[in-house]
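Spelled out, the chains give:
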Amino acid sequence: CIFLVLRVGSSQMTDLLYTEKDLVTSLKEYIRQEENRLEQVKEWADKLDSLTNTATQDPEGFLGHPVNAFKLMKRLNSEWGDLESLVLKDTTNGFISNLTMQRQFFPTEEDQTGAAKALLRLQDTYQLSANTISNGDLPGVVHKSRMTVADCFELGKIAYSEADYYHTELWMAQALTQLDEGEESTIEKVTVMDYLNYAIYQQGELERALELTKRMLKLDPNHQRANGNLKYFEFQLEKQRKAEAEKKEQEDKKREKKVLDKREAQRKRSKDPLPERKKYEKLCRGEGVKLTPRRQSRLFCRYFDNNRNPRLLLAPVKQEDEWDRPRIVRYHDIISDSEITTVKELAKPRLKRATVHDPNTGKLTTAHYRVSKSAWLSAYEHSTIEKINQRIEDVTDLEMDTAEELQVANYGVGGQYEPHFDFGRKDEPDAFKELGTGNRIATWLFYMSDVSAGGATVFPDVGAAVWPKKGTAVFWYNLFASGEGDYSTRHAACPVLVGNKWVSNKWIHERGQEFRRPCAMSEME
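Reading the values: the criteria
- Residues numbered from 1 in each chain as written.
- Predicted model: local features only at pLDDT ≥ 70, side-chain atom pairs only at ≥ 80, totals over all residues.
- Heavy atoms only, no water.
- Helix = DSSP H or I, 4+ residues; strand = E, 2+ residues; numbered from the N terminus.
- Buried < 20%, exposed > 50% of the residue type's maximum accessible area, 1.4 Å probe, protein only.
- Phe/Tyr/Trp six-rings, centres within 6.5 Å; stacked < 30°, edge-to-face > 60°.
- Disulfide = S-S within 2.5 Å.
- Pairing = 2+ DSSP bridges.
- Axes fitted to C-alpha atoms, helices over the stretch in contact; angles between N-to-C directions.
- Parallel < 35°, antiparallel > 145°, perpendicular 65-115°, else oblique.
- Contact = heavy atoms within 4.5 Å.
- Nonpolar A, V, L, I, M, F, W, Y, C, P; charged D, E, K, R; others polar.
- Salt bridge = Lys/Arg side-chain N within 4 Å of Asp/Glu carboxyl O.
- Core = buried A, V, L, I, M, F, W, Y, C linked by side-chain atoms within 4.5 Å.
- UniProt positions renumbered as here; feature names shortened; annotations may be inferred.
- Left-handed = near helix turned anticlockwise from the far one by under 90°.

### Looking at the overall build of the protein
Item 1. On a plain count of helices and strands, the protein comes out with 16 helices and 18 strands.
Item 2. The buried share of the protein, taken over its 525 residues, is 45%.

### Re the packing of aromatic side chains
Item 1. A full pass over the atoms with the stated rule returns 20 aromatic pairs.
Item 2. Seen in terms of ring centroids, F304 and Y331 are 6.4 Å apart; in terms of plane orientation they differ by 50°. Their pairing is tilted. With F304 in strand β1 (residues 301–304) and Y331 in strand β3 (residues 328–332), this residue pair connects regions lying 27 residues apart in the sequence.
Item 3. Overall, Y331 belongs to the buried group, its relative accessible area being 3%.

### A short note on the state of the cysteines
Item 1. Tallied over the full model, the rule gives one disulfide.
Item 2. C284 shares a disulfide with C494; S-S distance 2.0 Å. The chirality of the disulfide connecting C284 with C494 is left-handed, given an S-S dihedral of about -85°. Note that C284 is positioned in helix α13 (residues 276–284) and C494 in the loop between β16 (491–493) and β17 (496–498), a separation of 210 residues in sequence.
Item 3. C284 gets classed as buried once you look at its relative accessible area, which sits at 2%.
Item 4. Take C494: its relative accessible area is 0%, and that puts it in the buried class.

### Re the pairing of strand β8 (residues 373–377)
Item 1. Counted residue by residue, β8 has four buried out of five residues, so it is predominantly covered.
Item 2. Pairing of β8 with strand β9 (residues 406–411), which is carried by five bridges, proceeds in the antiparallel orientation. Counterpart to S374 in the pairing with β9 is A409.

### Thoughts on the packing of helix α5 (residues 109–125) against helix α8 (residues 165–180)
Item 1. Interhelical geometry of α5 versus α8 gives an angle of 90° and a closest axis separation of 12 Å. When the interaxial angle is binned, α5 and α8 end up roughly perpendicular. Contacts from L120, Q123 and D124 of α5 reach α8 at Y166, H167, L170 and W171.
Item 2. Residue composition of the contact of α5 with α8, grouped by class: four nonpolar, two polar and one charged.

### Structural notes on the pattern of salt bridges
Item 1. Applying the stated rule across the entire model yields 31 salt bridges.
Item 2. Salt-bridge contacts for D180 lead to K189; the nearest nitrogen and oxygen are separated by 2.8 Å.
Item 3. Accessibility expressed as a relative area gives 38% for D180, which makes it partly exposed.
Item 4. With a shortest N-O distance of 3.4 Å, R516 and E393 are connected by a salt bridge. Of this pair, R516 sits in the segment after β18 (501–509) while E393 sits in helix α16 (residues 383–396), placing them 123 residues apart in sequence.

### Observations regarding the nonpolar core
Item 1. With 45 residues, the main nonpolar core has Y126, W171, V192, V458, C494 and L497 as its most contacted residues.
Item 2. Those residues in contact with L497, other than ones at most four positions away along the chain, are L122, Y126, L128, P139, V413, A453 and G454.
Item 3. By size, the runner-up hydrophobic cluster in this structure holds 35 residues, among which are I385, A403, I441 and F446.

### Observations regarding the UniProt feature "repeat: TPR" (unreviewed entry) in the protein
Item 1. Within this structure's numbering, the places UniProt gives as "repeat: TPR" (unreviewed entry) are residues 190–223.
Item 2. The distance separating the terminal C-alpha atoms of residues 190–223 is 9 Å; by composition the span is 79% helix and 0% strand.

### Some remarks on the packing of helix α9 (residues 189–202) against helix α10 (residues 206–219)
Item 1. Following both chains from N to C, one finds α9 and α10 inclined at 165°, their axes separated by 9 Å at the closest point. With respect to their mutual orientation, α9 and α10 come out roughly antiparallel. Seen from above, α9 lies across α10 with left-handed handedness. Where α9 abuts α10, its residues K189, V190, M193, D194, L196, N197, I200 and Y201 lie against L206, R208, A209, L212, T213, R215, M216 and L219.
Item 2. In terms of residue class, the contact of α9 with α10 is built from ten nonpolar, two polar and four charged.

### Focus on unusual backbone geometry
Item 1. Cis geometry marks the peptide bond from R325 to P326; its omega dihedral reads 0°.
Item 2. Its place among the elements puts P326 in the loop between β2 (317–323) and β3.
Item 3. If you check the backbone angles, A163 has positive phi at about 60° while not being a glycine.
Item 4. Note that A163 resides in the loop between α7 (149–161) and α8.
Item 5. Under the relative-accessibility criterion, A163 is labelled partly exposed at 45%.
Item 6. The phi dihedral of R308 is positive, around 60°, even though this residue is not glycine.
Item 7. Judged by its relative accessible area of 58%, R308 is exposed.

Structure, rendered in structure tokens:
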């Protein structure tokens, strides 16, 4: 579920695209006016050039003609003044005024940084090389776009400003590679190498930093910082070698004990679970846990009428089991294209940075781990929302009056929502206190667009991955029937790699479900 990091959702990005198109049209009109003005000046110059060449061959004879004398006076007294006005004519007003007006809609420095961070996030999550991204070789891409040296350099600089030297190195190295391959740029090699050198040094690779410094000095022998670094790196390397030699002597004496310690460390590491972040990223790439054939055989597709619900009796819904524990089901063709269009049109004017519940205050706030744009829609606003709410109630048999409003979210490229729980845990007693409807018992999630690449909903603890498919919805319970939280429902929205993702979700609460989903006696039931 951005990203921004994109603070700008895909619908706003579309608006920016049309803004830029309008500016290009305005710029071309300015160029046309300038070309017309310069053409007039050129015609005047060509005419006078021919005339003066003829006149200066025999000045006295030329001026002996009274008409020529009169026209010379006329030209110098008035026509050159007209030409001066033409040369000084300002044709920029229309373009400048349009640019000034549109500037209020331009992205901010923060937006640009967010877009850069989104690219870096995608690079890590989907294990993409800087060269792959720079060449635009991404899966599902229709409009391929290549990055210039200046683009790579800018990305590296943003990483540098965040003290992210790993990504600084990757992108400065890419910029340098493209310069070495002959790409023309206003960015100088030595400038790129300066940043690259510092990033390598900060990661403790002194030998590489020294080699790069020597290469810099071949390009610019007078580079002040490189000359200083050369002496410093040589000193530090010598110091490091001495320390390593002393350390080797000590290690030789303890080699036998070290082998035993290493085996113990390996034994401990083998027991350590894979960090959640790594599991999340593997699932986003389509890797990770797969259901065993036995568990897979228990998953089915069916037509579902929810115990002969009158609204579903003649038109049962298509239900598919996605996962067994926790039980995640998908409903196909559950929302129409026209309903999706209506929901998106209602949401677009009010999309803003998505929020999360702060467990400390119980209030909504923005968070770096949820990057998207969202809006809330009430049933009374439009009959389509009312119909959608009723459909969710018919399928789940859960009360919608105590559910939260329909939340619509738009994730642009890089948009994400890192692993989280939808329900409030025991250490968050005030999570939904202001709503007065109890905890979030269940989640219903509509997919309102297909996504070219990325954007899966994943459950890292169990290894489930659900991929977006327009017109479908997925449903799961966050709480056991006992009211206890099901911690296996911890989930995340993977970054959108290519395309944009529209979803809408309904968080259903405990109040009103007392007779619809009676409480169980067993804690995990």
